[in-house]
Amino acid sequence: MISGNVWTVFFAALLTALATGLGAIPFFLVREFPRRWLGVFNAIAGGLMLGASLGLINEGTAIDFPLLLLGLIAGVVLISVLNWRLEHDENHHISTIRESGAKKAFLIIGVMTLHSFAEGIGVGVAYGGSDTLGAFITAAIAIHNIPEGLAISLVLVPRGTSPGKAGLWSIFSSLPQPLMAVPAYLLVTQFQPFLPFGLGLAAGAMLWMVVAELIPDALQEISSEMVGLVLTLAVVAMLGFQALL
């Protein structure tokens with residue numbers, strides 16, 4: 001029989017996933033943007049993802065730096081292989097997000113989904129320590145997920161995806177959180193040693209996405225000086241947000 005604590009962990013992690021969809025709310029208010037704003041949005045999304053990846057690296061370094069490095073390498077390799085497959089496979093079926101630029105949409109959702117695995121494990125491990133710690137980590141991750149949902153929406157909405165669909169894709173990217181939280185809670189002693197690898201995996205994939213996709217796209221629409229300014233401010237904002245939590 002499933003214990004009450006397991007349900008608590010599941011619904012807590014589900015809450016963090018739903019919070020990601022809140023990032024799409026600003027786009028219900030403003031739908032049409034000048035072309036140059038696409039460059040600004042890409043720079044903001046890149047800065048938010050870069051800040052998030054630096055936070056993951058910092059967390060993993062404090063636990064097990066060599067395992068974190070292995071995760072970083074694995075994350076870069078994984079997202080590179082995925083990108084290669086998308087570029088060379090003529091028969092991949094992702095028509096449901098083709099309206100937003102299928103390859104880029106698929107990549108950013110995939111990257112955020114990788115990130116969510118680590119966050120789900122974090123919730124489960126925290127509840128394995130105590131309910132108080134679990135509740136704190138759940139609240140922190142839920143708040144943290146809002147700008148991550150914004151980063152996804154910043155890429156999808158200007159390319160044609162509706163705000164509602166962008167919100168749903170944001171939530172979808174975080175579904176691994178409730179799926180991973182329960183087994184992590186049940187097997188906390190087995191999962192915890194591998195957490196730095198998961199953190200590195202997500203960080204490596206996000207770093208690749210920022211450097212290979214978001215920054216080049218931003219540079220096509222706005223000047224390098226503006227990209228540098230916007231991206232840096234977004235990184236600082238995300239790091240400051242994480243520090244407050």
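Nothing here was measured: the structure is a model prediction, and the numbers come from that model. (Residues numbered from 1 in each chain as written. Predicted model: local features only at pLDDT ≥ 70, side-chain atom pairs only at ≥ 80, totals over all residues. Heavy atoms only, no water.)

> Residue-level account of the overall build of the protein chain, with values.
A tally of helices and strands in the protein chain yields eleven helices and zero strands. Scored against the burial criterion, the 245 residues of the protein chain give a buried share of 49%. When the accessible surface of the protein chain is totalled, it reaches about 11400 Å², and 72% of it is carbon and sulfur. (Helix = DSSP H or I, 4+ residues; strand = E, 2+ residues; numbered from the N terminus. Buried < 20%, exposed > 50% of the residue type's maximum accessible area, 1.4 Å probe, protein only. Areas by Shrake-Rupley, 256 points an atom, 1.4 Å probe, with all protein chains shown as cover.)

> Please give an account of helix α8 (residues 176-186) that cites residues and values.
The buried fraction of α8 is high, at eight of eleven residues. Residues of α8 that are buried: Pro176, Gln177, Pro178, Met180, Ala181, Val182, Ala184 and Tyr185.

> Tell me what's going on with helix α11 (residues 224-244), and back it up with residues and numbers.
Its 21 residues place the ends of α11 30 Å apart at the C-alpha level, agreeing with the 30 Å of an ideal helix rising 1.5 Å per residue. Listing the buried residues of α11 in full gives Val227, Val230, Leu231, Ala234, Val235 and Met238. Each buried residue of α11 sits inside an arc of 135° when the element is viewed along its axis, so together they form one side. Away from the buried face of α11 by more than 90 degrees, exposed residues Glu225, Leu233, Val236, Ala243 and Leu244 are located. (Expected span 1.5 Å × (residues − 1). Arc of directions from axis to C-beta.)

> Pulling in residues and values, what's your account of the packing of aromatic side chains?
Counted according to the given criterion, the structure contains four aromatic pairs. Consider the rings of Trp7 and Phe10, whose centres lie 6.2 Å apart with planes at 90°: the pair is edge-to-face. Of the two residues, Trp7 and Phe10 both sit in helix α1 (residues 4-20), three residues apart, roughly one turn of that helix. Take Trp7: its relative accessible area is 43%, and that puts it in the partly exposed class. A residue is classified by how much of its surface remains accessible, and Phe10, at 24% relative accessible area, is partly exposed. When the ring of Trp7 is compared with that of Phe11, the centres are 5.9 Å apart and the planes differ by 25°; the resulting orientation is stacked. With Trp7 and Phe11 both in helix α1 and four residues apart, this pair spans about one turn of that helix. In this structure an aromatic cluster arises from ring pairing among Trp7, Phe10 and Phe11. (Phe/Tyr/Trp six-rings, centres within 6.5 Å; stacked < 30°, edge-to-face > 60°.)

> Got a sec to walk through the side chain of Asn145? Specific residues and values, please.
When you line up the elements, Asn145 lands in helix α6 (residues 131-156). Relative accessible area serves as the criterion here: at 0%, Asn145 is assigned to the buried category. Side-chain polar atoms of Asn145 contact the side chain of Thr20, separated by 3.4 Å. A polar contact of 3.2 Å, which involves the side chain of Asn145, links it to the side chain of Gln177. If near-sequence neighbours (up to four positions away) are discounted, Asn145 is found in contact with Thr16, Ala17, Thr20, Glu119, Ser174 and Gln177. (Polar contact = N/O pair within 3.5 Å; in protein donor to acceptor, adjacent residues only side chain to side chain. Contact = heavy atoms within 4.5 Å.)

> Before we move on, could you go through the nonpolar core and cite the residues and values that matter?
Judged by nonpolar contacts, the single largest core of 39 residues is most densely connected at Met49, Val111, Met206 and Met209. Secondary structure elements with two or more residues in this core: α3 (35-63), α4 (65-88), α5 (102-129), α6, α8 and α10 (195-221). When residues of this core are assigned to their parent elements, the largest contribution, ten residues, is made by α10. When residues no more than four places from it in sequence are discounted, the contact partners of Val111 are Met49, Ile79, Ala205, Met206 and Met209. In terms of nonpolar packing, the next biggest core, distinct from the first, is built from ten residues, Val6, Ala12, Ala13 and Tyr127 among them. (Core = buried A, V, L, I, M, F, W, Y, C linked by side-chain atoms within 4.5 Å.)

> Give me the environment of Gly134: which residues, what numbers.
By secondary structure assignment, the location of Gly134 is in helix α6. We classify Gly134 as buried; its relative accessible area is 0%. Once the C-alpha coordinates of Gly134 and Val123 are considered, the two residues, eleven residues apart in sequence, prove to be 6.2 Å apart.

Spatial relationships are all this shows, so hold off on functional conclusions.
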